[in-house]
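Fold and contact review
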Amino acid sequence: MSKFLDLEGVEKVFPLPKGKEYVAVTDVNLHIKENEIISIIGHSGCGKSTLLNMIAGLDMATDGGIILDNKEITGPGPERAVVFQNHSLLPWLTVYQNIEMAVKKVMPELSPKELKERVYKFIEMVNLDPAKDKYPGEISGGMKQRVGIARALSIKPKVLLMDEPFGALDSLTRANLQEHLMRIQQNVKNTVIIITHDIDEAVLLSDRVIMMTNGPEATIGEILEVNLERPRDRVSLQHDPEYIRCREAILSFLYEKYAKEDE
Amino acid sequence: MLSLEKLRQIVLPFLVLMVLIPAWSGLAVIVEDFPTPSDTYVAAFGGINSEGDEVIGSLSDPFYIENEDDKGLFWQVLNSLERVFAGFALAIAIGIPVGLLIGMSKNFMTALNPYIQILKPVSPLAWLPLLLMVFQDINATAISTIFITSIWPIIINTALGVKSVNEDYLNVAKVLCFTPLEKVTQIILPVAVPYIFTGMRLSLGIAWLVIVAAEMLTGGIGIGFWIWDEYNNLNYPNIVIGIIIVGVVGYILDMIMGRIADYFDYTKRR
């Protein structure tokens, strides 16, 4: 088993006023295989977003190291595309232009024709052809997030990082986007790390679910293998013993072993 | 066919006018020498005034040129506008880069902010003697006075625009490894442009306020000087005309600036 993305003893300490410090996450060791889909789940404040930001390079680990494809991560880069929770599309650019901007920057060698083809390919991948000339303010939250995914994938990242990508959406739209993501994953393999607080989402989408203990000094509590065949169907899974086992394992972790008092 | 909304927009201000004109007439009765509405009308468009004198209206031929010192109102206003735009252009050229700088750099902000806060409330009339002493020239003095009093809203609003750039957009720039220049042109400027235009709009308003005062003190030509000159000639109705012209031109300038600002504002582009 080759290591693709490797987290070794990762720790993040935030300085507090008056010389104090806050240890957000500590001693995180995780080995992620290529084309694996990982969910990181935990109560709010467990440092899961901090962890993702460190992989993205937007935040630097104060101890330990993160290695992607034999290269240590020292800063942000397009090989680790991020889908942010609030989509972060640039509102002054159309759907097409938002994706084009990213492709243009990361693949400057493309001819104008190749650039156009590539942008269209990813717009089609998320079924957004009719909305391609609309501004983000004119499309729904679910569509915005699809553009966010298309933009992230269009730059051919080695890892796709998703920070509670569907957290701000209603449950039906969320289900729809999960289907989108699974279908894309079926066609084009990607290594994906999803931050979530949704148990069903974690089981449905992932090969492994990483469960985080509560902060401060949060770390990996348990790792759950989800042994479900793909493509997965959310309806029939409801009665699948493996699905039920995974759900129960996460439930028990979050609400028995590491229940959060005030939430 | 006039819509009800259009009608409303015409009728309501007209009703206010019906109150204003009698109030003005009353004021002219109480205050000695205060120009009446009818004398002001005559002074503007020509005719016989209340004293029985034949008057040539100052608006009946705004384009006349008698000599260098005696020109129609159009030329007076044009001259003022030229100075305003010169000072305003200078304020934009320097204000926007300075605003970008202090918006992006905390150090520049800390270093410059006290001076901005102190110089911002200084009246143009306080600058004028100093600048007149420096330049010894009417035009240069008026333009530099406008520059130094109208630059502040541009700096402050530009900096505010830069600061209002969403952290998420900057993260996008980071992930895509934008160069600093790309960050400015592709992320910061699109967000900041509406703020910059708000600053420019405020700045132009100030510039137009300042020109009248500056020209009164520097003399020569210009709408401000014209008003002062009419005061010295005891042509009081013309002062009222001057005030109305300054108001109307200021309103038009603000409207044009507002239109331009909307055009560049992505939140209003649909």
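Everything quoted here is computed from the prediction, not taken from an experiment.

Turning next to the overall build of chain A. For chain A, the count of helices and strands is 8 helices and 10 strands. Its C-alpha atoms give chain A principal-axis dimensions of about 55 × 50 × 40 Å. Within the span of chain A, comprising 263 residues, buried residues form 43% of the whole. Expressed as a percentage of contacts within chain A between residues at least 6 apart in sequence, the contacts between residues at least 24 apart total 70%.

With that out of the way, let us pick up the interface of chain B and chain A. Facing the 12 residues of chain B at the interface are 17 residues of chain A. For the side of chain B that touches chain A, the leading source of residues is helix α7 (residues 167-175) of chain B, giving 6 residues. Grouping the constituent residues of the side of chain B that touches chain A by class yields 8 nonpolar, 2 polar and 2 charged.

One recurring pattern in soluble globular proteins is that nonpolar side chains are buried together. Among the nonpolar cores identified, the biggest contains 133 residues, and Leu161, Ile193 and Ile250 of chain A are the most heavily contacted of them. Broken down by element, the residue count for this core peaks at 16 residues, all from helix α8 (residues 180-218) of chain B. Each of two domains, domain 1 (1-79 + 159-167 + 190-238 + 255-263) and domain 2 (86-156) of chain A, supplies a minimum of three residues to this core. Contacts of Ile193 of chain A, omitting those with residues within four sequence positions, involve Ile38, Ile40, Leu52, Ile55, Val159, Leu161 and Met162 of chain A.

In this section: the domain arrangement of chain A. Interfaces are often sized by the amount of accessible area the parts lose when they come together. All names here are of chain A. As far as domains go, chain A holds domain 1 (1-79 + 159-167 + 190-238 + 255-263) and domain 2 (86-156). In this structure, domain 1 and domain 2 have C-alpha centres spaced 26 Å apart. Domain 1 puts 5 residues into the contact, and the matching count from domain 2 is 5 residues. In terms of residue class, the side of domain 1 that touches domain 2 is made up of 4 nonpolar, 1 polar and no charged.

Residues and elements named next belong to chain A. Across 8 bridges, the pairing between strand β1 (residues 5-15) and strand β2 (residues 21-32) is antiparallel. Counted as the bridge partner of Leu5 is Ile32 from β2. What sits between the antiparallel neighbours β1 and β2 is a turn of 5 residues, in which Lys18 has the positive phi angle 65°.

Now for unusual backbone geometry. Residue and element names in this part refer to chain A. For the bond from Arg230 to Pro231, the omega torsion is -5°, close enough to zero to count as cis. Along the chain, the position of Pro231 falls in the loop between β10 (220-225) and α7 (234-237). Even without a glycine there, the phi angle at Lys18 is positive, about 65°. Among the secondary structure elements, Lys18 is positioned in the loop between β1 and β2. Assessed through the 5 C-beta atoms surrounding it within 10 Å, Lys18 is described here as exposed. With a phi close to 70°, Asn70 is a non-glycine residue in the positive phi region. Position of Asn70 relative to the elements: it lies in the loop between β4 (63-68) and β5 (71-72).

The rules behind each value
- Residues numbered from 1 in each chain as written.
- Chains lettered and ligands numbered in written order.
- Predicted model: local features only at pLDDT ≥ 70, side-chain atom pairs only at ≥ 80, totals over all residues.
- Helix = DSSP H or I, 4+ residues; strand = E, 2+ residues; numbered from the N terminus.
- Buried ≥ 20, exposed ≤ 12 C-beta atoms within 10 Å, placed from the backbone.
- Contact = placed C-beta atoms within 7 Å.
- Nonpolar A, V, L, I, M, F, W, Y, C, P; charged D, E, K, R; others polar.
- Core = buried A, V, L, I, M, F, W, Y, C linked by C-beta atoms within 7 Å.
- Domains from an automatic or database assignment.
- Pairing = 2+ DSSP bridges.

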